[in-house]
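Spelled out, the chains give:
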Amino acid sequence: MKKTKDTTTENTILNAAKVIFQQKGMDGARMQEIADEAGINKALLHYYFRSKQLLFEAVFKNAFILLAPQMHKILNDDSSIFDKIKNFTSNYISFVIKHPYLPNFIIQELNKNPEFAINILAENKFPNIEKFKNQISEEVANGTIKPIKADQLFINILSLNIFPFIAAPLFKGFLNLSNHDYNLMLEQRKTEVAEFIINSIKV
């Protein structure tokens, strides 16, 4: 009789994998550790996910699917550009603090498997930024903000939000910060980054 995959067991595995990936990273995590965290044997784990790579992609997609609608809503609501920058930064940093493996995984995956991002794009999982781009063009034309291309502004916002997570070990060393103190600094960046960007485009 053919086995069927149980949703509860699959969710248990994904939650356990998230814990181990957060602790050990993709390279440091072991399937046996994930099986132990999930309270199942390794054979059952491999039945649900044939490889660590497939499991990692599933964890990533689950998290990204939660993040993308939040970002889409912020970028496409009727708030001002300045409020969008504040809300985007606050929501993004809050989310990645809970899922710290995401930025490094994206970089790693793009380097070795560019098709992964293309597949996500094909599934329409990325937030649509057309309204944001049109809003920037209108604000520039009205003289509300300094001349800047929407694409450049969006890259600036993402870069300032993402890099402290990607380079966390480096910054902790440079700044001599404990994990606790670094996390406090990340919380402060919710307002620091937004204010920095707003001041750079404010007339």
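Computed from a predicted structure; not experimentally measured.

Parameters and conventions
- Residues numbered from 1 in each chain as written.
- Predicted model: local features only at pLDDT ≥ 70, side-chain atom pairs only at ≥ 80, totals over all residues.
- Heavy atoms only, no water.
- Helix = DSSP H or I, 4+ residues; strand = E, 2+ residues; numbered from the N terminus.
- Areas by Shrake-Rupley, 256 points an atom, 1.4 Å probe, with all protein chains shown as cover.
- Lys, Arg positive; Asp, Glu negative; His and termini not counted.
- Charge placed at Lys NZ, Arg CZ, Asp CG, Glu CD.
- Contact = heavy atoms within 4.5 Å.
- Axes fitted to C-alpha atoms, helices over the stretch in contact; angles between N-to-C directions.
- Parallel < 35°, antiparallel > 145°, perpendicular 65-115°, else oblique.
- pLDDT = per-residue confidence, 0-100.
- Core = buried A, V, L, I, M, F, W, Y, C linked by side-chain atoms within 4.5 Å.
- Buried < 20%, exposed > 50% of the residue type's maximum accessible area, 1.4 Å probe, protein only.
- Salt bridge = Lys/Arg side-chain N within 4 Å of Asp/Glu carboxyl O.
- Expected span 1.5 Å × (residues − 1).
- Arc of directions from axis to C-beta.

## Some remarks on the overall build of the protein chain
When helices and strands are tallied, the protein chain shows 11 helices and 0 strands. Overall, the protein chain shows an N-to-C arrangement of helices and strands of α-α-α-α-α-α-α-α-α-α-α. Its C-alpha atoms put the protein chain at 70 × 45 × 30 Å along the principal axes. Accessible area for the protein chain stands at about 11,700 Å²; split by element, carbon and sulfur atoms hold 55% of it. For the protein chain, the centre of its 24 positive side-chain charges and the centre of its 21 negative side-chain charges are spaced 3 Å apart.

## Describing the environment of alanine 35
Along the chain, the position of alanine 35 falls in helix α2 (residues 31-38). Sequence separation between alanine 35 and phenylalanine 64 is 29 residues; the distance between their C-alpha atoms is 23 Å. Look past the residues within four positions of alanine 35 in its chain and what remains in contact with it is Ile40, Asn41, Lys42 and Leu45.

## Let's talk about the side chain of lysine 84
With respect to the helices and strands, lysine 84 occurs in helix α5 (residues 81-98). Among all residues touching lysine 84, those that are not within four sequence positions of it are Ile74, Leu75, Asn76, Asp77, Asp78, Ser79, Phe132 and Gln135.

## So, the packing of helix α1 (residues 7-28) against helix α4 (residues 52-76)
Axis angle and axis distance: for two packed helices, these are the angle between their axes and the distance between the axes, and together they describe the pair. Following both chains from N to C, one finds α1 and α4 inclined at 105 degrees, their axes separated by 10 Å at the closest point. One finds that α1 runs roughly perpendicular with respect to α4. Residues Ile13, Leu14, Ala17, Lys18, Phe21, Met26 and Asp27 of α1 form the contact with α4, whose own contacting residues are Lys52, Gln53, Leu55, Phe56, Ala58, Val59 and Asn62.

## Looking at the confidence of the model for the protein chain
Scored by pLDDT, the protein chain comes out at a mean of 88, with 93% of its residues at no less than 70. Here helix α7 (residues 114-122) stands out as the element of the protein chain with the lowest mean pLDDT, 69, in contrast to α2, whose mean of 96 is the highest.

## Quick look at the nonpolar core
Ranked by size, the top nonpolar core spans 55 residues in total, and within it Phe21, Leu55 and Phe132 carry the most contacts. A total of 12 residues in this core trace back to one element, the largest contributor, which is α4. For leucine 55, the contacting residues outside a window of four places in its chain are Ile13, Leu14, Ala17, Phe21, Met31, Ile34, Leu45 and Phe49.

## Observations concerning the pattern of salt bridges
Enumeration over the complete set of coordinates arrives at 6 salt bridges. Notably, a salt bridge pairs aspartate 151 with lysine 133, separated by 3.4 Å at the nearest N-O pair. Linking aspartate 151 in helix α9 (residues 150-166) with lysine 133 in helix α8 (residues 130-142), this pair joins segments that are 18 residues apart in sequence. By relative accessible area, which is 41% here, aspartate 151 ends up partly exposed. Residue classification places lysine 133 among the partly exposed positions, given a relative accessible area of 24%. A network of salt bridges, in which partner residues are shared, links Glu130, Lys133 and Asp151.

## Regarding α8
Taking 1.5 Å per residue, 13 residues should reach 18 Å; α8 reaches 18 Å between its end C-alpha atoms and fits that length. Listed in full, the buried residues belonging to α8 are Phe132, Gln135, Ile136 and Glu139. Angular distribution of buried residues about the axis of α8 spans 100 degrees; they occupy a single face of the element. With respect to the buried face of α8, the exposed residues turned more than 90 degrees away are Glu138 and Ala141. Where α8 is buried, its residues contact α4, α5 and α9. At the C-terminal side of α8, glycine 143 shows a positive phi close to 80 degrees.

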